[in-house]
Amino acid sequence: MKKASSSLIVLLGILFYSAMNIPNTSAGNALNDKRPNIIFILTDDQGSVDMNCYGSKDLKTPNMDALAETGIRFSQFYVAAPVCSPSRASLLTGLNPHAAGLPGNASSHQGHAGMPTDRVTIAEALNEHGYTTGHIGKWHLGFTPETMPNGQGFDYSFGHMGGCIDNYSHFFYWNGPNRHDLFRNGQEIWEDGEYFPSLMAEEAEKFITDNQDNPFFLYFAINLPHYPLQPELKWREHYEDLPHPRSDYAAFVSTIDDKVGDLISYLEENNMRKNSVIIIQSDHGHSVEQRTFGGGGNAGPFRGAKFSLFEGGIRVPAIISWPEELPTDTTFTDMAVNVDWFPTILDLCGVPNKYNPEGHTLLPYLKGEKEGTPHNHFIWKNGISWAIREGNWKLIGNPQDPVNPKSIDPNKDRYFLANMKLDSTEQTNFAGEHPEIVDKLIKKYLEWEFASKDDLPLKREKIEHLGKGKRVDIEFDPDPKYEGDGPQMLVDGQTGTRSFKDGLWMGFHGDDMVAIVDLGEIKPISEVSVGSLHDPGSWIFALESLSVAFSKDGKTFTPISTKETGDLEDLNRPSILRTAIQFDDADARFIKVTAGNIGKCSAWHQASGSKAYLFVDEIAVK
């Protein structure tokens, strides 16, 4: 009996030992899971060349440069959109913004949805295969529980849900009413006076510590160098000799570099760097908006900036570093796009790709197993602008250049054909020399499921009328950003384009447009019409009403007629609408025209209650 008992004990011990040492092949087994950690650092509004390793001479970015030295730097890396939310949606889903369901910016108002929840994010895909997933920083992809990070595959989330915040109060930095925007796992928290980038670094270290025994995916979406420009004091002092706003912008970029350095150091101190892939890129080009003092960022030789489909808006710095498995100190010179990260990350993590992303894995190209680019062509669509690149040829329809809007001729440059080999700066329009290439690329664009013939550029309409070239005065000043060439542009005989950025419109923020046209002499009048732009995605709405009054002396005006316009909720694409009032001939020298602004964005709009824009062009008198 004793012998039997001893044997039983030995047998049980062997079974116990074996059970404890049998490899657990389940996805979440921490002890035996050697799959790499993924840390994805996404910067915000960083210019195309704003790292030392991309050619900037006036910046100090040693930590980002170190990633390039220990990894692969991309010289033709693109984002799928030149603006925040669509670019982020593409990154996380591997789909173009239209397929991802978010072709424009998500609302920064709580209670408004964003990216549809039926799109699979990289966080959901990795989570399904045993990865712990974390979001730290900016979100801007939806502000409802379902569309906030925890509803889109992230186990942990810390940061702000809207587009931008003050980095100390954590209040939304755009317009009123003041709204606090700092959340942890969907619950509002308060960290008054604490510097947000430092909070991000602390949260990242905590997330890494808590998950060091599990493979993890950390989406570190730092909100810099996006406005408000609030860099650390030491960097303000370092760059005090640079001109403004480059000085504050540069200080913000070096603040990013510090936080990147903190992350790398923490991984090294905890012996985790060898098994951690670090990817860094910008979400799109630098901003030239008023809130960033008109610039600060640098696109280098490239034309354009944020919002533009020229290279300066969509070609961004991007680096991947995993010295244990990938080449170091090399440059990938062929085209790659942010939608490629989804399948590439799956490949790096050994996760089967069953999700049908639009992007392609870059891994065999990065390892030198394949040459060239996985993209035969790629298509962008942002507002009224669209672009297609095939090989070295790139065609832009309705191009926009926010850096120099007047450099675009609305008629001659309706189609802008660039060649990345002959002139990657896109200063030369080859459309006139190669109409066959233009036609070929238009045809290919129209084959895309999200393209429409309505996207094709229109020539400016010329209108001959009695008021052309006559004197015009306005009662209310337009928004300083959208005053165009002054009141005379309202009677220059040509309409604007479908872009509010073309400088051919006069924009009023919350106000009506009231203008008086002086014909110079009394004439019989039978029709007055006004053109307005409808682009709800940009908070621009067609005029709500049109009123006309006449006078012979310019002092006493007789109201003639008022016309109300209908509800345009179903009209979502940018459109030019002309509203006309016709009447029996009336004799007048002075015509007073009032184009009614809807005042505030409609209840159905994502910015409901905020001031609406009214953009007006030609006032035609017949």
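Residues numbered from 1 in each chain as written. Predicted model: local features only at pLDDT ≥ 70, side-chain atom pairs only at ≥ 80, totals over all residues. Heavy atoms only, no water.

Participant: Explanation requested: unusual backbone geometry in the structure shown.
Facilitator: A negative phi holds for most residues other than glycine; trans holds for most peptide bonds. The amide bond that connects Leu224 to the next residue, Pro225, takes the cis arrangement and shows omega of 0°. Along the chain, Pro225 turns up in the loop between strand 7 (216–221) and helix 6 (233–238). Residue Pro228 is reached from Tyr227 by a cis peptide bond, and omega for that bond is 5°. By the secondary structure assignment, Pro228 is in the loop between strand 7 and helix 6. Of note, the phi angle at Phe293 is positive, near 60°, even though the residue is not glycine. Looking at where Phe293 falls in the secondary structure, it is placed in the loop between strand 8 (276–282) and helix 8 (311–314). (Helix = DSSP H or I, 4+ residues; strand = E, 2+ residues; numbered from the N terminus.)

Participant: In this structure, what is going on with the side chain of Asp617? I would like to understand it.
Facilitator: Structurally, Asp617 is set in strand 21 (residues 613–621). Setting aside anything within four residues of it in sequence, one finds Asp617 in contact with Leu490, Gln494, Thr495, Gly496, Leu504, Trp505, Gly531, Ser532 and Arg578. (Contact = heavy atoms within 4.5 Å.)

Participant: What is the right way to read the packing of aromatic side chains from this model?
Facilitator: For any pair of aromatic rings, the description rests on two quantities: the centre-to-centre distance and the angle between the ring planes. All chains considered together, the criterion is met by 31 aromatic pairs. Plain terms: the ring middles of Phe207 and Phe216 are 5.7 Å apart, the flat faces sit at 85° to each other, and that makes the pair edge-to-face. Judged by centre distance (5.3 Å) and plane angle (70°), the rings of Trp448 and Phe450 are edge-to-face. For Trp448, a relative accessible area of 13% puts it in the buried group. Taken together, the ring pairs in this structure connect Phe40, Phe74, Phe77, Phe332 and Trp341 into an aromatic cluster. Its guanidinium or amino end placed over the ring of Phe310, Arg303 lies 4.5 Å from that ring's centre, counting from NZ or CZ. (Phe/Tyr/Trp six-rings, centres within 6.5 Å; stacked < 30°, edge-to-face > 60°. Buried < 20%, exposed > 50% of the residue type's maximum accessible area, 1.4 Å probe, protein only. Lys NZ or Arg CZ within 6 Å of the ring centre and 35° of its normal.)

Participant: When you look at the packing of helix 5 (residues 196–210) against helix 7 (residues 246–269) in this model, what are you seeing that I'm missing?
Facilitator: The relative placement of two packed helices is expressed as an angle between their axes plus a distance between the axes. At a minimum axis separation of 10 Å, helix 5 and helix 7 run at an interaxial angle of 20°. What the angle tells us is that helix 5 and helix 7 run roughly parallel. As for how helix 5 packs across helix 7, the hand of that crossing is right-handed. Listed contacts from helix 7 to Pro197, Ser198, Ala201, Ala204, Glu205, Ile208 and Thr209 of helix 5 are Lys259, Asp262, Leu263, Tyr266 and Leu267. Considered class by class, the residues forming the contact of helix 5 with helix 7 number 7 nonpolar, 2 polar and 3 charged. (Axes fitted to C-alpha atoms, helices over the stretch in contact; angles between N-to-C directions. Parallel < 35°, antiparallel > 145°, perpendicular 65-115°, else oblique. Left-handed = near helix turned anticlockwise from the far one by under 90°. Nonpolar A, V, L, I, M, F, W, Y, C, P; charged D, E, K, R; others polar.)

Participant: Please explain helix 5 as it appears in this structure.
Facilitator: A rise of 1.5 Å per residue sets the reference length of helix 5, with its 15 residues, at 21 Å; its end C-alpha atoms lie 21 Å apart and thus fit the reference within 8%. Residues Phe196, Pro197, Leu199, Met200, Ala201, Glu203, Ala204, Phe207 and Ile208 constitute the buried set of helix 5. Those residues of helix 5 hidden inside the fold are in contact with strand 1 (37–43), strand 3 (132–138), strand 4 (156–160), strand 5 (183–184), strand 7 and helix 7. (Expected span 1.5 Å × (residues − 1).)

Participant: Could you clarify how one ought to interpret the environment of Asp492 in this entry?
Facilitator: Summarising the element assignment, Asp492 is placed in the loop between strand 15 (471–474) and strand 16 (506–509). Taking the relative accessible area as the measure of exposure, Asp492 reaches 33% and is therefore partly exposed. Linking Asp492 and Lys468, residues 24 residues apart in sequence, is a C-alpha distance of 5.6 Å. Setting aside residues no more than four positions away along its own chain, Asp492 makes contact with Arg460, Lys468 and Glu618. Separated by 3.0 Å, the side chain of Asp492 and the backbone nitrogen of Gln494 make a polar contact. (Polar contact = N/O pair within 3.5 Å; in protein donor to acceptor, adjacent residues only side chain to side chain.)

Participant: Help me understand the environment of Val472 in this model?
Facilitator: Its place among the elements puts Val472 in strand 15. Distance in space between the C-alpha atoms of Val472 and Pro487 is 6.1 Å, their sequence separation being 15 residues. Dropping the residues within four chain positions of it, Val472 is found in contact with Pro487, Gln488, Val491, Ala515, Ile516 and Val517.

Participant: When you look at the side chain of Asp50 in this model, what are you seeing that I'm missing?
Facilitator: Looking at the element boundaries, Asp50 is found in the loop between strand 1 and helix 2 (62–69). Leaving out residues up to four positions away in the same chain, Asp50 has contacts with Ser56, Leu59, Arg246, Tyr249, Val253, Gly297 and Asn298.

Participant: Explanation requested: the pattern of salt bridges in the structure shown.
Facilitator: Pairs can form between side chains of opposite charge once their charged atoms are near each other. Here the structure, examined in full by the defined rule, presents 30 salt bridges. Taking the shortest distance from any N to any O, the salt bridge between Arg246 and Asp50 comes out at 3.0 Å. With Arg246 in helix 7 and Asp50 in the loop between strand 1 and helix 2, the pair connects residues that are 196 residues apart, well separated along the chain. Two residues, Lys481 and Asp479, come together in a salt bridge whose shortest N-O distance is 3.3 Å. By relative accessible area, Asp479 is classed as buried at 9%. It is possible to trace a salt-bridge network through shared partners that takes in Asp44, Arg88, Lys138 and Asp283. (Salt bridge = Lys/Arg side-chain N within 4 Å of Asp/Glu carboxyl O.)

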